[in-house]
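Residue-level listing of the chains:
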Amino acid sequence: MASAIGCYSLNANHRGRIPKWSSPRAAVIPNFHLPMRSYEVKNRTNVDDIKSLRLITAIKTPYLPDGRFDLEAYDASMNEQINDGVEGVIVGGTTGEGQLMSWDEHIMLIGHTVNCYGGSIKVIGNTGSNSTREAIHATEQGFAVGMHAALHINPYYAKSPNLAGVKECVGHSRVEHYTSNGVVVWSGNDNECHDSRWDYGATGVISVVSNLVPGLMRDLMFAGKNSSLNAKLMPLIEWLFVEPNPIGLNTALAQLGVVRPVFRLPYVPLPLSKRVEFVNIVNQIGRENFVGKKDVKVRVLDDDDFILIDRY
């Protein structure tokens, strides 16, 4: 008997009886398995893989002049992060402006990151929400497109074998409280991450600054205690957070020529005086330590160079 996929077959005699349904052969072939796709292998991970990460970048989302994602600039940034030793990225977090994305955009960007870079770096999707229903749905979608882990806000994590650790932004005392109880902690504060890592037991950092100087941040997390390097980076860190994140980062990357100077409102660039200050900071630390083409000088940019998108 011939059969077709997705169809059922009918057996009938010539006496007009009701046709009798019979199962298609293709549906009952024993031990039949589809071949495993390559990404299903490369994207496998476990809690211990995530717990071991030292440097995780809260990756910036760049835009085109019409407000859509600039995936070309995003991919260039991802490649630099990987080449400079970053081990994981947070996609669509506060730094990546997930709060300004639709869920469709959010899941698309997670899927794109996994598909292109999931074999080289751990992809952690920010799929948390104040709505439990939204958080569950978004997390299911994120894992469906292959993300390795999810970032959630309180109270969505509890004592669970799937809990990898906690991003802690309150300070050293909270870091020490968690680590002394066997909980893996990543510092969420660039200005405290060095001491949290080497003095208070933090595993590493979820960093904004590593968008700009990933190599130096890797040294800070891997090469042992280095108060001199930490002090060298402090003016940059303080400059980045003079206004709410990611305003400083977006301005800096535009000045470095890494992304287009496009902002989704309500974020706007830092004022001219701060942009001049950033040029001086880059020259003090060394342009060679920053992302982007090393022969492209950091620029101040005029106010008219920036594009502000009010509908996206």
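Residues numbered from 1 in each chain as written. Predicted model: local features only at pLDDT ≥ 70, side-chain atom pairs only at ≥ 80, totals over all residues. Heavy atoms only, no water.

In the nomenclature of an unreviewed UniProt entry, the protein is known as 4-hydroxy-tetrahydrodipicolinate synthase of Salvia splendens.

Novice: Explain the overall build of the protein to me, please; I cannot follow it from the model alone.
Specialist: The number of helices and strands found in the protein is 11 helices and 11 strands. Partitioning the intrachain contacts of the protein with sequence separation of at least 6 by distance along the chain shows that 65% fall at a separation of at least 24. (Helix = DSSP H or I, 4+ residues; strand = E, 2+ residues; numbered from the N terminus. Contact = heavy atoms within 4.5 Å.)

Novice: Would you explain the pattern of salt bridges in this entry?
Specialist: Any two side chains of opposite charge can pair, on the condition that their charged atoms come close. Tallied over the full model, the rule gives eight salt bridges. For Glu97, the salt bridge identified is with Lys60, shortest N-O distance 3.7 Å. Of this pair, Glu97 sits in the loop between β4 (88-91) and α4 (103-117) while Lys60 is found in the loop between β3 (55-58) and α3 (71-83), placing the two residues 37 residues apart along the sequence. The same class applies to Glu97 and to Lys60, which are both buried. As a salt-bridge pair, Glu105 and Arg264 come within 2.9 Å of each other at their nearest N and O atoms. With Glu105 in helix α4 and Arg264 in strand β10 (residues 262-264), this residue pair connects regions lying 159 residues apart in the sequence. (Salt bridge = Lys/Arg side-chain N within 4 Å of Asp/Glu carboxyl O. Buried < 20%, exposed > 50% of the residue type's maximum accessible area, 1.4 Å probe, protein only.)

Novice: Could you clarify how one ought to interpret the environment of Leu100 in this entry?
Specialist: Position of Leu100 relative to the elements: it lies in the loop between β4 and α4. Distance in space between the C-alpha atoms of Leu100 and Leu265 is 8.7 Å, their sequence separation being 165 residues. Look past the residues within four positions of Leu100 in its chain and what remains in contact with it is Glu105, Arg264, Leu265, Pro266, Tyr267 and Tyr312.

Novice: What's the story with the packing of helix α9 (residues 227-240) against helix α11 (residues 272-285) in this structure? I'm lost.
Specialist: Each pair of packed helices gets described by two things: the angle between the helix axes and the distance between those axes. At a closest axis distance of 10 Å, the pairing of α9 and α11 adopts a crossing angle of 160°. As the angle between them shows, α9 and α11 are arranged roughly antiparallel. Once α9 is placed against α11, the crossing between them reads as left-handed. Counted together, Lys232, Leu233, Pro235, Leu236 and Trp239 of α9 and Lys274, Glu277, Phe278, Ile281 and Ile285 of α11 form the full contact between these two elements. Class assignment of the residues belonging to the contact of α9 with α11 gives a composition of seven nonpolar, no polar and three charged. (Axes fitted to C-alpha atoms, helices over the stretch in contact; angles between N-to-C directions. Parallel < 35°, antiparallel > 145°, perpendicular 65-115°, else oblique. Left-handed = near helix turned anticlockwise from the far one by under 90°. Nonpolar A, V, L, I, M, F, W, Y, C, P; charged D, E, K, R; others polar.)

Novice: Would you mind showing me how to read the nonpolar core here?
Specialist: Counting residues in hydrophobic clusters, the biggest one holds 58 residues, and the most contacted among them are Leu212, Met217, Leu233, Leu236, Phe278 and Phe290. At the level of secondary structure, the elements contributing two or more residues to this core comprise α3, β4, α4, α8 (214-222), α9, α10 (247-255), β10 and α11. If you tally residues by element for this core, the top one is α9, at seven residues. For Leu233, the contacting residues outside a window of four places in its chain are Val213, Leu216, Met217, Leu220 and Ile285. Membership of the second largest hydrophobic core comes to 12 residues, among which are Ile50, Ala58, Ile124 and Ala149. (Core = buried A, V, L, I, M, F, W, Y, C linked by side-chain atoms within 4.5 Å.)

Novice: It is not clear to me how the sheet that holds strand β8 (residues 185-187) should be interpreted in this structure. Could you clarify?
Specialist: The pairing of strands in a sheet happens through backbone hydrogen bonds and is either parallel or antiparallel. Spatially, seven strands are ordered β6-β5-β4-β3-β9-β8-β7 in an open sheet, and the strand pairing comes out parallel. Because the sheet does not close on itself, it has two edges, and the strands there are β6 (149-151) and β7 (166-168). This sheet shows a mean twist of 30° between the axes of neighbouring strands, independent of strand direction. Relative to β8, β7 runs parallel, the two sharing three bridges. Bridge pairing in β8 places Lys167 opposite Trp186. Along the sheet, helix α6 (residues 172-180) contacts β7 and β8; its crossing angle with β7, the most-contacted strand, is approximately 160°. (Pairing = 2+ DSSP bridges.)

Novice: Looking at this structure, how should I read α8?
Specialist: For an α-helix, the turn length of 3.6 residues means that residues three or four places apart are oriented alike. Within the sequence span of α8, burial applies to Pro214, Leu216, Met217, Leu220 and Met221. Buried residues of α8 fall within an arc of 160° about the axis and therefore sit on the same side. Buried residues in α8 make contact with β3, α3, α7 (193-199), β9 (204-207), α9 and α11. Once α8 finishes, Gly224 follows within two positions and takes phi at roughly 90°, a positive value. (Arc of directions from axis to C-beta.)

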